[in-house]
Amino acid sequence: DTAVSQTPKYLVTQMGNDKSIKCEQNLGHDTMYWYKQDSKKFLKIMFSYNNKELIINETVPNRFSPKSPDKAHLNLHINSLELGDSAVYFCASSRTGSGDEQFFGPGTRLTVL
Amino acid sequence: GNSVTQMEGPVTLSEEAFLTINCTYTATGYPSLFWYVQYPGEGLQLLLKATKADDKGSNKGFEATYRKETTSFHLEKGSVQVSDSAVYFCALRLNTGTASKLTFGTGTRLQVTL
């Protein structure tokens, strides 16, 4: 059984489009995260939700809007896509927000043309 | 601010060679330290961790010791295998109330050849 799953695995789109990436975890965890990994493999946190409440919001353009309909899901919606948004986006979850191991999804490779 | 510095790769080794990947950190407070591994086409997996000074994390033949005096957490393995080829990320975590976030290094690609 997949613990943290993301869809789609690959996403190719044009500049200016709006797209969403979905994440689901079946671990019963309270906290979920979105990370961005750029072309140089640098990995940086974007957002974190704990029980559907936003607890970490790094300096991310407001074109990025996370949405957590329930604590098992954290979706990432991106408006007006730009070339620089091309990256691999990883979802992760942990039992709580303070100190537990984070489990990562397989990633979504977004390519903006 | 908090940061993690890793040696640049790629690191290319022959099978059964000794591996060291250096990692140093800067942090305000007392972080927990981690090594994550990313195999090709997959997400990150926790390899090992240490939560306080002088702790040694170990898993699958890999080891790293939390050295507060040198602010380091170097990853070592005595005899690498081809299946160890992956990207290795050093990371730190500081807990701030209900939020904790991982700060990653830039990753080091390891390639092991026969």
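In this text, all values refer to a predicted model and were calculated from it rather than measured experimentally. (Residues numbered from 1 in each chain as written. Chains lettered and ligands numbered in written order. Predicted model: local features only at pLDDT ≥ 70, side-chain atom pairs only at ≥ 80, totals over all residues. Heavy atoms only, no water.)

Caption draft 1: Focus on the nonpolar core. Residue and element names in this part refer to chain B. Leu-19, Trp-35, Leu-47, Leu-48, Phe-73, Leu-75 and Tyr-88 are the most contacted members of the largest nonpolar core, which has 27 residues in total. Elements that contribute at least two residues to this core include exactly strand 2 (11–14), strand 3 (19–21), strand 4 (23–26), strand 5 (32–38), strand 6 (44–50), strand 8 (62–65), strand 10 (86–96) and strand 12 (108–113). Apart from residues no more than four positions distant in its own chain, Leu-75 is found in contact with Leu-19, Thr-20, Ile-21, Trp-35, Leu-47, Leu-48, Phe-62, Glu-63, Ala-64 and Tyr-88. (Core = buried A, V, L, I, M, F, W, Y, C linked by side-chain atoms within 4.5 Å. Buried < 20%, exposed > 50% of the residue type's maximum accessible area, 1.4 Å probe, protein only. Helix = DSSP H or I, 4+ residues; strand = E, 2+ residues; numbered from the N terminus. Contact = heavy atoms within 4.5 Å.)

Caption draft 2: Spotlight on the state of the cysteines. Residues and elements named next belong to chain B. If you walk through the whole model with that rule in mind, you get 2 disulfides over all chains. The residue that forms a disulfide with Cys-23 is Cys-90, at a sulfur-sulfur distance of 1.9 Å. Taking the sign of the S-S torsion, about -70° here, the bridge from Cys-23 to Cys-90 comes out left-handed. Residue Cys-23 is located in strand 4, and its partner Cys-90 is located in strand 10; the two are separated by 67 residues in the primary sequence. With respect to class, Cys-23 is no different from Cys-90; both count as buried. (Disulfide = S-S within 2.5 Å.)

Caption draft 3: Representation of the packing of aromatic side chains. Throughout the structure, instances matching the rule amount to 11 aromatic pairs over all chains. On the numbers, 5.5 Å between centres and 75° between planes, the contact of Phe104(A) with Tyr36(B) is edge-to-face. With one member in each of two chains, Phe104(A) in strand 10 (residues 103–104) and Tyr36(B) in strand 5 form a pair that bridges those chains. On the basis of relative accessibility, which here comes to 10%, the residue Phe104(A) falls in the buried class. Judged by its relative accessible area of 1%, Tyr36(B) is buried. Three or more aromatic residues joined by ring pairs form one cluster here, namely Tyr33(A), Tyr35(A), Phe104(A), Phe34(B), Tyr36(B), Phe89(B) and Phe104(B). (Phe/Tyr/Trp six-rings, centres within 6.5 Å; stacked < 30°, edge-to-face > 60°.)

Caption draft 4: Representation of the environment of Asp100(A) within the structure. Among the structural elements, Asp100(A) can be located in the loop between strand 9 (87–94) and strand 10. Residue class for Asp100(A) comes out buried when judged on its relative accessible area of 17%. For Asp100(A), the residues in contact, after removing those within four places along its chain, are Ser94(A), Arg95(A) and Arg93(B).

Caption draft 5: Broad picture of the interface of chain B and chain A. Listed by partner, the interface residues are 20 residues for chain B and 22 residues for chain A. Summing both partners gives a buried area of about 1700 Å² for chain B against chain A, and 54% of it is carried by carbon and sulfur. When the buried area of chain B at its contact with chain A is split by residue, Leu44(B), Lys101(B) and Phe104(B) rank highest and sum to 26% of it. Between chain B and chain A we count 0 salt bridges in total. Remark: the boundary between chain B and chain A carries 1 residue pair in polar contact (both at pLDDT 80 or more). For the side of chain B that touches chain A, a count of residues per class yields 7 nonpolar, 9 polar and 4 charged. (Buried area = accessible area lost by both parts, 1.4 Å probe. Salt bridge = Lys/Arg side-chain N within 4 Å of Asp/Glu carboxyl O. Polar contact = N/O pair within 3.5 Å; in protein donor to acceptor, adjacent residues only side chain to side chain. Nonpolar A, V, L, I, M, F, W, Y, C, P; charged D, E, K, R; others polar.)

Caption draft 6: Up close: the environment of Leu74(A). Residue and element names in this part refer to chain A. With respect to the helices and strands, Leu-74 occurs in strand 8 (residues 73–78). Leu-74 sits in the buried class, given a relative accessible area of 0%. Along the backbone, Leu-74 and Gly-84 are 10 residues apart, and their C-alpha atoms lie at a distance of 22 Å. When neighbours within four sequence positions are excluded, Leu-74 is seen to be in contact with Lys-22, Cys-23, Met-32, Tyr-33, Trp-34, Tyr-49, Pro-66, Lys-67 and Ser-68.

Caption draft 7: Up close: the sheet that holds strand 7 (residues 56–59) of chain B. Residue and element names in this part refer to chain B. Pairing within the open sheet is antiparallel, and its 4 strands lie in the order 3-9-8-7. One side of each edge strand has no neighbouring strand; the edge strands of this open sheet are strand 3 and strand 7. Here the average twist between neighbouring strands, direction ignored, is 15°. Note that strand 8 and strand 9 (residues 75–77) share 3 bridges and pair antiparallel. Within the sheet, the bridge partner assigned to Phe-62 lies in strand 9 and is Lys-77. (Pairing = 2+ DSSP bridges. Axes fitted to C-alpha atoms, helices over the stretch in contact; angles between N-to-C directions.)

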